Amino acid sequence: MKTTTRIALCLLLLAVAMHGVSAQSVSECAPTGTANALAPWYCSQINQATAQVWAKWEPIGFIAVTLAFLIATIILMIGMAFKNERLRDFGTGELYEATATALIVIFFMMLSAILFGIIPAFITGPVNPYNTSLSYINSTINSTQTAIKSMYNVILVDSYYGSITLNVSFGPESSAAQTAVSSLSTVINPLANQIVQFFIIPAQVLSSLLLDGLLALSAEFYMILFFMYIAIPVFLIPGIIFRAILPLRSIGGMLIAVALSFYFIMPMLFSVAFYFTNTGVIQSINAASASITANSQGTQSQTNAVSPTSPLVTDVTALQSTMGAYFLSILFYPALILAITYYSMEVLADFIGGVAKRTGKMGLV
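1. With respect to the side chain of S289
Then, in step 1: Locating S289 in the fold gives a position in helix α10 (residues 249–294).
Then, in step 2: Among the polar contacts made by the side chain of S289, one reaches the main-chain carbonyl oxygen of I285 at a distance of 2.9 Å.
Then, in step 3: Leaving out residues up to four positions away in the same chain, S289 has contacts with S143, T146, A147 and S150.

2. Let's talk about the nonpolar core
If you look at soluble globular proteins, the nonpolar side chains tend to sit buried side by side.
Then, in step 1: Formed by 74 residues in total, the largest nonpolar core has its most connected members in I137, F199, L210, L319 and Y326.
Then, in step 2: Listed by contribution, the elements that provide at least two residues to this core are α4 (46–81), α5 (85–106), α7 (129–162), α9 (192–243), α10, α12 (311–321) and α13 (323–353).
Then, in step 3: For this core, the leading source of residues is α9, giving 19 residues.

3. Brief notes about the packing of α9 against α12
Then, in step 1: For the pair α9 and α12, the least separation of the axes is 10 Å and the interaxial angle reads 30°. The pairing of α9 with α12 is recorded here as roughly parallel in orientation. Where α9 crosses over α12, the two elements pack in a sense that is left-handed. Here α9 contributes F198, F199, P202, A203, L206 and L210 to the contact with α12, which in turn contributes L312, V313, V316, L319 and Q320.
Then, in step 2: Its residues assigned to classes, the contact of α9 with α12 shows 10 nonpolar, 1 polar and no charged.

Calculation rules
- The residue count restarts for each chain, going from 1 along the sequence in the order it is written.
- Two thresholds apply to this predicted model, a pLDDT of at least 70 for residue-level local features and 80 or more for giving and counting side-chain atom pairs, whereas whole-chain, interface and lining totals are computed over all residues.
- Only heavy atoms go into the side-chain values, all of them from the structure, while hydrogens and water stay out.
- Comment: elements are numbered from the N terminus, with helices defined as DSSP H or I runs of at least four residues and strands as E runs of at least two.
- Here a polar contact is recorded for every N or O atom pair within 3.5 Å, except that within protein the pair must consist of a potential hydrogen donor and a potential acceptor, and residues adjacent in sequence are included only if both atoms are side-chain atoms.
- Working rule for contacts: check all heavy atoms of both residues, and any pair within 4.5 Å makes them a contact.
- The definition of a nonpolar core used throughout is a set of buried Ala, Val, Leu, Ile, Met, Phe, Trp, Tyr and Cys residues joined through side-chain atoms within 4.5 Å.
- Burial classes: relative accessible area under 20% of the type maximum marks a residue as buried, over 50% as exposed, and values in between as partly exposed (1.4 Å probe, protein chains only).
- As a rule, the C-alpha atoms of each element are fitted with a line to give its axis, helices using only the stretch in contact, and angles between N-to-C directions run from 0 to 180 degrees.
- Should an angle fall under 35 degrees it is taken as roughly parallel, and over 145 as roughly antiparallel, whereas 65 to 115 is taken as roughly perpendicular and any remaining angle as oblique.
- Two helices that cross are described as forming a left-handed crossing if the nearer one is turned anticlockwise from the farther one by less than a right angle, and a right-handed crossing if clockwise.
- In the scheme used here, Gly and all other residues not listed as nonpolar or charged are polar, with Ala, Val, Leu, Ile, Met, Phe, Trp, Tyr, Cys and Pro taken as nonpolar and Asp, Glu, Lys and Arg as charged.

Read these as geometric descriptors, not functional statements.
So, in structure tokens, the structure goes:
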């Protein structure tokens, strides 16, 4: 009787799964729903997009859940028929595993509402994690490109005028004449050495650092986009299918963990980090770039770069002062976010792929 009750409860959960996904998603985004109250943007943007993607793969998820219940029931029935306690307990454990898979299918949209809408709403307000993180990275990329371009234009002009020299050949024996010509070249372009020392070299070093930052930002941008599009069809759905097959359960748990970590956790952490760091860094870079452009018009690109207190030199110094916060936001925080995401993936993979072990320890099997 106890085993029959377990089967009935598990099958009831399966029946709920067959019609519960869209219902709980609608309830979260209903006029009185929690997600609609705290994060209305979620219900008008991400909820619809996620629901459309999930709807394409939802039947496969249900088939996988049904297969898992079917296999577990067959094993349980065989154990009951042959009065094999060990096989019956194994079949009961498989029922719990199938139930866990069904719960993933049932509550996927609710999990999306909680992680995308409700949790960020308490931290950053009604902010779209994907929109916030991608918009910030794109804005930082544009600001970085503008800064590099503004410095490169000045370097190009100053290097051109600084390269103009006068060479007159008097023959190999006329060393005195060569010395005179060298002195004459210095007189023709007396500011070249100062411009190279005070502006060109620091600007070249800074441009190289900004190019490295540009590569890091581009990698982060496309990584977020990559998992936004492939997490559900490439990781979550195959993970649910593999989890229904006993020999592939650990692989399925890993795939589901990858989907949940990189589809939910990573963009949420990016949005929180960038929400608190984006304003100051981007404003500082834009202000320095605008000042460099304004101070490099015409002959000012030479006259404003000849001393430590010249406008272009101080503009580069101001831009250098923002590099600490700049690399903190594009290297340190992303590295920390990836570490947290990877740790979350390991924890979820161990939990989702090892439910049977835990249920056995709790005395459920």
